Amino acid sequence: MVMMITKPLVLTYLYLLIYISLSSGVILYNKWVLSRSHFNFPFPITLTMIHMAFSGAVAFVLVRVLKVVAPVKMTIEIYATCVVPISAFFASSLWFGNTAYLYISVAFIQMLKALMPVATFLMAVLCGTDTPRCDLFLNMLLVSLGVVVSSYGEIHFNIVGTAYQVTGIFAEALRLVLTQVLLQKKGLTLNPITSLYYIAPCSFLFLFVPWFLLEKPAMESQQITFNFWIFFTNALCALALNFSIFLVIGRTGAITVRVAGVLKDWILIALSTLVFPESMLTGLNIIGYAIALCGVVLYNYIKMKDAWASSQLPTDVLPEKGRLLMKVSWHFANPIKCLRLCPSGSSLRILCCSSSEGSQT
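Heads up: these notes are all about the structure in this document. For every chain, the first residue of the written sequence is number 1, and numbering continues from 1 onward in sequence order. This being a predicted model, a pLDDT of at least 70 is required before a residue's local features are given, and a value of 80 or more before pairs of side-chain atoms are given or counted; all residues contribute to the totals for chains, interfaces and linings. As a convention, hydrogens and water are excluded, and side-chain values are obtained from all of the structure's heavy atoms.

In this section: the overall build of the protein chain. Comment: elements are numbered from the N terminus, with helices defined as DSSP H or I runs of at least four residues and strands as E runs of at least two. Within the protein chain, the regular secondary structure consists of twelve helices and zero strands. In the protein chain, which comprises 361 residues, the share counted as buried stands at 53%. We get accessible surface area from the Shrake-Rupley algorithm with a probe of 1.4 Å; when it comes to residues, only the shown protein chains can shield them. For the protein chain, the exposed surface amounts to about 16100 Å²; the carbon and sulfur share of it is 73%. Burial classes follow relative accessibility: with a 1.4 Å probe on protein chains only, a residue under 20% of its type's maximum area counts as buried, one over 50% as exposed, and anything between as partly exposed.

The relative placement of two packed helices comes down to the angle between their axes together with the axis-to-axis distance. As a packed pair, helix 2 (residues 44-65) and helix 8 (residues 192-222) sit with axes 7 Å apart at the nearest point and diverge in direction by 155°. In this view, helix 2 runs roughly antiparallel relative to helix 8, as classed from their interaxial angle. Handedness of the helix 2/helix 8 crossing: left-handed. In terms of residue class, the contact of helix 2 with helix 8 is built from 20 nonpolar, five polar and two charged. Axes here mean lines fitted to C-alpha atoms, for a helix over just the part in contact, with angles spanning 0 to 180 degrees between N-to-C directions. To sort the angles, those under 35 degrees are grouped as roughly parallel, those over 145 as roughly antiparallel, those from 65 to 115 as roughly perpendicular, and the leftovers as oblique. Note on convention: near helix rotated counterclockwise from far helix by under a right angle means a left-handed crossing. Clockwise means right-handed. All amino acids are sorted into three groups, where Ala, Val, Leu, Ile, Met, Phe, Trp, Tyr, Cys and Pro are nonpolar, Asp, Glu, Lys and Arg are charged, and the leftover types, Gly among them, are polar.

Turning to its location among the elements, F96 is positioned in helix 3 (residues 76-99). Along the chain, F96 and V166 lie 70 residues apart, while their C-alpha atoms are 8.4 Å from each other. Each residue touching F96, except ones within four places of it in the same chain, is listed here: Y164, Q165, T167 and G168. By the convention used here, residues are in contact when the closest approach between their heavy atoms is within 4.5 Å.

Checked against the element boundaries, L28 lands in helix 1 (residues 7-34). Note: C-alpha distance between L28 and V106 (78 residues apart in sequence) is 7.5 Å. Ignoring any residue separated from it by four or fewer positions in sequence, one finds L28 in contact with V106, L268, L271, S272, V275 and F276.

On to the pattern of salt bridges. We define a salt bridge as a side-chain nitrogen of Lys or Arg found within 4 Å of a carboxyl oxygen belonging to Asp or Glu. Evaluated as defined, the whole model comprises four salt bridges. With its nearest N and O atoms 2.7 Å apart, the salt bridge here joins E172 to R175. Here E172 pairs with R175, and both are found in helix 7 (residues 159-186), just three residues apart, close to one helical turn. Both residues of the pair, E172 and R175, count as buried.

Moving on: a nonpolar patch on the surface. A cluster of nonpolar side chains, F60, V61, V65, L66 and V68, forms an exposed patch at the surface whose accessible area comes to about 460 Å². Looking at the element boundaries, V61 is found in helix 2. In this analysis, a patch consists of residues with relative accessible area above 30% that form no salt bridge, clustered at 9 Å for like charges and at 5 Å for the nonpolar side chains Val, Leu, Ile, Met, Phe, Trp and Tyr.

With that out of the way, let us pick up the packing of helix 1 against helix 2. The interhelical angle for the contact between helix 1 and helix 2, taken along N-to-C directions, is 135°, at an axis separation of 10 Å. Judged by the inter-axis angle, helix 1 sits oblique to helix 2. Considering the relative orientation of helix 1 and helix 2, their crossing is right-handed. Counting all contacts with helix 1, which are made through N30, V33 and L34, the residues of helix 2 involved are P44, L47 and H51. For the contact of helix 1 with helix 2, the per-class residue count stands at four nonpolar, two polar and no charged.

Written as structure tokens, this is what we have:
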């Protein structure tokens, strides 16, 4: 049977193409800006702060000036107990994740990001939003084994860069879990614009302290020249990526976005070896990543199956904790239902609990 080519179908594939292109492009752009052998701006905190300032300013204009969306009812208590801790871990994940670009290749970073389900599961168990299970534990072992094999095959393995990336992954995982636990208890729902409106300024302030202590002195001693167009286009691409993710999820759904994320990862790994010749892949790299990817796909399948099964149960027969676990499980399997600030490699991520790239974008 011949599939009819319709306008909605064309738009769907166009959105997917834009998402994959922007996601890969932003990561490669960030690497190029930070790399000492290319643009030579080795200040990841500064780059992240530029992203936060830009996204916060755009969100402010959209919310307060153009009134595209209305702000949520935000009290000082909610801001202090929810937005502040989430912003702190968000800023930390961006800081550590972008710093990793200074030490390890884009390809190896993407392989390490396969650990995101492991980190998320562990943080969810520690925070009480998930329970230890044998099937998920074995799945986490499979992912971890793949990452270890991939790391063993990395020619330019760097322990500092690896430590930065893994720390950033766990900070991001904790942010995702906190987003669910804290915001759901307050009954808040943030769309991509309001997420940036509240989170970006607070994250900027958290990043200011390490920037002032670590990067400001070095920037003054090196007399860095600020290229407006480079940083403007970099931040603009990252912001466009956020909205493309929102459009794709809204038009296709969680499963399609996850499949597109897997395809994007392979494309990005291949492209990075062409754009950055110093990035070399080995057989063990590919085998290890393939093993880890099988674990990630299996993890996504298990979570989606659990979410579907939970959604069939009447919530009035579940205890309060059961209802919370059901919500968290459903959000992890359905990005459009939750908050996400995206994309791996991007400092501007729409708050969401599930990342085909990670998350990790």
